[in-house]
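A structural walkthrough
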Number of protein chains: 2
Amino acid sequence: MADRIGFIGLGIMGSGMAMNVLRAGFPLTVWNRTPAKATPLAAAGAAVANTPAELAAASDIVVICISDTADVEAVILGPQGVIEGARPGSLVIDMSTISPAATRQMASALAERGVAMLDAPVSGGSEGAARGTLSIMVGGEATAVQRAAPLLQTMGQRITHVGPHGAGQTVKLVNQVMVVGNCLAMAEGLLLAQAGGVDLDKALEAVSGGAAGSWMLSNRGPQILARDWRPGFTIALQQKDLRLVLEAADQQGAPLPGTALIFQLYRTLEARGLSGDGNHALIKALEALSGIEIAAP
Amino acid sequence: MADRIGFIGLGIMGSGMAMNVLRAGFPLTVWNRTPAKATPLAAAGAAVANTPAELAAASDIVVICISDTADVEAVILGPQGVIEGARPGSLVIDMSTISPAATRQMASALAERGVAMLDAPVSGGSEGAARGTLSIMVGGEATAVQRAAPLLQTMGQRITHVGPHGAGQTVKLVNQVMVVGNCLAMAEGLLLAQAGGVDLDKALEAVSGGAAGSWMLSNRGPQILARDWRPGFTIALQQKDLRLVLEAADQQGAPLPGTALIFQLYRTLEARGLSGDGNHALIKALEALSGIEIAAP
């Protein structure tokens, strides 16, 4: 018989992910801090719990997909939290992007009650969540990963077990370091191209297929040239993740001078009220520093 | 009748490029500061000139592919230089990577004698030079680009006219900004992964196909994990190009805080005698700062 699934967090990511779990035939109970967001899933056949504890009591596997470390801690360990309802032998899978250190602490607290935990943050955006094509980076014990596999496969395509508790979160943060680093590389290159008076479309064409190439340049470079700042991933979320990166790097003694610089540049954009722009708007910080502006098309 | 070609600079790049010109059937005269390097081309049918001026007098198009700005200036404008032998109506194509500003000055000096100039730096390495698969970024007037096209097609595959005199050099520098930026992004990400205790092979697998992906990560990431520092492009050459980048950016008022940081990190490796390592050895600077070391395989 299929595991009974509980799903906590029905935001822009979680709503699509939970719907894919339901469509795959798993019995599903949901809970969301703002209850109205559960309506579409209830209409599609999900049960709705009144508290995380109640949800956990009705589930074999609890999935969590919410915004930040404090919220995950409250939902798992707080009053009427998952830990109050979860039976020994059940499994909690946290698909939020949060602190690796806090993840390890929660895994220990749950283990004392006989409850297993996996950290399984995702990349691929709301589109990947809706389509079930997310990349999922999983940390925890191999037996729990095996148990979770049929469930995770309803939500993602590339599922990689990267190490023990917290390792999934660490790899997600590694991913974010590379994303923003490639973004600054693109921004500085395009600013130099603009300053040097070259045709930006031709420059992009000339460099994007070679050693300078990146997903960021191919996907967001044309958006910059069009001065289209609509977000694939907002600066607000990028900064939330970079705060986790810099905290984890500090705890582990890893110097990240480039990432620290990028955080500060994004900080100037937050201060200017641009948190809703896409992360490729990083170039606006360099524009403000120089007065050089990528010409509108 | 095919243009008569003169080729100056038979180093690791120029020797392969000149051989491709010769194989395509162009009459070829060569000159190199160290005459012995002309021997293989002479054996294959090229004439050998005694001076750049003599080479220019025997050629309709003069190609230059040497190391740095001062050398290009000496070969074009110095005693027994190209300018002394070139006839009005001839064309000089500089395929070296040098200063955009110096390029514009040389183009002006040649124009006064009725000689056209293109800047046409390349990317693709010695392998691309030998195979004729270089990317070529061309700056100058469209009529000269058209005239040069059959010749450039013997050396490269992706030939992009990016703007006026100096624009080819500017786009090459843009390319280098992005290359080293992607390299620092990779280095910081892998250092964080090592510090966080995750499986580096799995981490690379999990992130390289998504928004963190880059040519650098796919091609040099596995080399870092193997601690294989053999150069695709040496730190010495990378720094030569970054000096040009930072000079041009300063002249044009473009702030490049990330690139400046990377230059300083590479500088520490130059100071340690590691100039012959590949540019992906940038991670060694972060290792030295932290004592964290990517584990040997």
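Residues numbered from 1 in each chain as written. Chains lettered and ligands numbered in written order. Predicted model: local features only at pLDDT ≥ 70, side-chain atom pairs only at ≥ 80, totals over all residues. Heavy atoms only, no water.

Looking at the overall build of chain A
The condition that has to hold: Strands are runs of DSSP state E lasting at least two residues, helices are runs of H or I lasting at least four, and both sets are numbered from the N terminus onward. Within these notes, the globule rule equals 2.2 Å times the number of residues to the 0.38 power, and the radius of gyration is based on C-alpha atoms. Under the scheme applied here, a residue whose accessible area is under 20% of the maximum for its type counts as buried, over 50% as exposed, and between as partly exposed, the area being computed with a 1.4 Å probe on protein chains only. Contacts are residue-level and defined by heavy atoms, with any inter-residue pair within 4.5 Å sufficient. A 1.4 Å probe and the Shrake-Rupley method give the accessible areas. Residues count as covered only by the protein chains that appear here. We count Lys and Arg on the positive side and Asp and Glu on the negative side, and we leave His and both chain ends out. Where a charge lies is defined by one atom per residue type, namely NZ (Lys), CZ (Arg), CG (Asp) and CD (Glu).
Within chain A one finds 14 helices and nine strands. Its C-alpha atoms give chain A a radius of gyration of 21 Å, within 12% of the compact-globule value 19 Å for 297 residues. Dimensions of chain A, computed from C-alpha atoms along their principal axes, come out at roughly 65 × 45 × 35 Å. The burial tally for chain A puts 59% of its 297 residues in the buried class. Across chain A, contacts joining residues at least 24 apart in sequence account for 66% of those joining residues at least 6 apart. On chain A, roughly 10900 Å² of surface is accessible, and the fraction owed to carbon and sulfur atoms is 52%. Across chain A, 20 positive and 24 negative side-chain charges occur, with their mean positions spaced 4 Å apart.

Some points on the side chain of A:Asp94
All names here are of chain A. Threshold: What counts as a salt bridge is simple: a side-chain nitrogen of Lys or Arg found within 4 Å of a carboxyl oxygen of Asp or Glu. Counting of polar contacts relies on pairs of N or O atoms within 3.5 Å, with two restrictions inside protein: one atom must be capable of donating a hydrogen and the other of accepting it, and residues adjacent in sequence are counted only when both atoms are side-chain atoms.
Position of aspartate 94 among the secondary structure elements: in strand β5 (residues 91-94). We note that aspartate 94 is buried and unpaired, the nearest opposite charge coming from lysine 240 at a distance of 9.2 Å. Side-chain polar atoms of aspartate 94 contact the side chain of serine 96, separated by 2.7 Å. Sequence-distant contacts of aspartate 94, that is, excluding residues within four places in its chain, are made with Ile64, Val72, Met117, Leu118, Asp119, Ala120, Pro121 and Gln169.

Notes on the interface of chain A and chain B
Put simply, the rule is: Two parts placed together each lose some accessible area under a 1.4 Å probe, and adding up what both lose gives the buried area. All amino acids are sorted into three groups, where Ala, Val, Leu, Ile, Met, Phe, Trp, Tyr, Cys and Pro are nonpolar, Asp, Glu, Lys and Arg are charged, and the leftover types, Gly among them, are polar.
Listed per partner, the contact involves 59 residues of chain A and 59 residues of chain B. Taking both sides of the interface into account, the surface hidden between chain A and chain B amounts to around 4800 Å²; carbon and sulfur atoms contribute 70%. Among the residues of chain A in contact with chain B, A:Met178, A:Glu188 and A:Leu192 are the three that bury the most area, contributing 14% of the side total. Counting across the chain A and chain B interface gives zero salt bridges. Between chain A and chain B we count twelve residue pairs in polar contact (both at pLDDT 80 or more) in total. Broken down by secondary-structure element, the contributors of at least two residues to the side of chain A that touches chain B are β9 (156-163), α9 (167-195), α10 (200-207), α11 (215-225), α12 (235-252), α13 (257-271) and α14 (283-290) of chain A. Counting residues per element, the side of chain A that touches chain B draws most heavily on α9(A), which supplies 21 residues. Within the side of chain A that touches chain B, the residues separate by chemical class into 37 nonpolar, 17 polar and five charged.

Describing the nonpolar core
Note the following rule: Take the buried Ala, Val, Leu, Ile, Met, Phe, Trp, Tyr and Cys residues and link them wherever side-chain atoms come within 4.5 Å; each set so joined is a nonpolar core.
The biggest cluster of nonpolar side chains holds 102 residues, and the ones touching the most others in it are A:Tyr266 and B:Tyr266. B:Tyr266 has contacts with B:Val180, B:Cys183, B:Ile235, B:Gln238, B:Gln239, B:Leu242, B:Asn279 and B:Leu282, leaving out every residue within four places of it along the chain.

Some words on the relation of the copies chain A and chain B
Put simply, the test is: Copies overlap after least-squares fitting; the atoms used are the C-alpha atoms of residues with pLDDT of at least 70 in both.
Superposition record for chain A on chain B: RMSD 0.0 Å, screw rotation 180 degrees, translation along axis 0.0 Å. Taken together, the turn and the small shift mark the pair as related by a two-fold rotation axis. No C-alpha of chain A lies nearer the rotation axis than that of A:Ser214, which sits 1.9 Å from it. An overlap of 100% is found between the interface residues of chain A and their copies at the interface of chain B, pointing to a shared contact surface.

Remarks on unusual backbone geometry
Residues and elements named next belong to chain B. Backbone geometry places glutamine 80, a non-glycine residue, at a positive phi of 60 degrees. Along the chain, glutamine 80 turns up in the loop between α4 (69-77) and α5 (82-85). We classify glutamine 80 as partly exposed; its relative accessible area is 48%. A positive phi angle, close to 45 degrees, is found at arginine 227, a residue other than glycine. On the secondary structure map, arginine 227 appears in the loop between α11 (215-225) and α12 (235-252).

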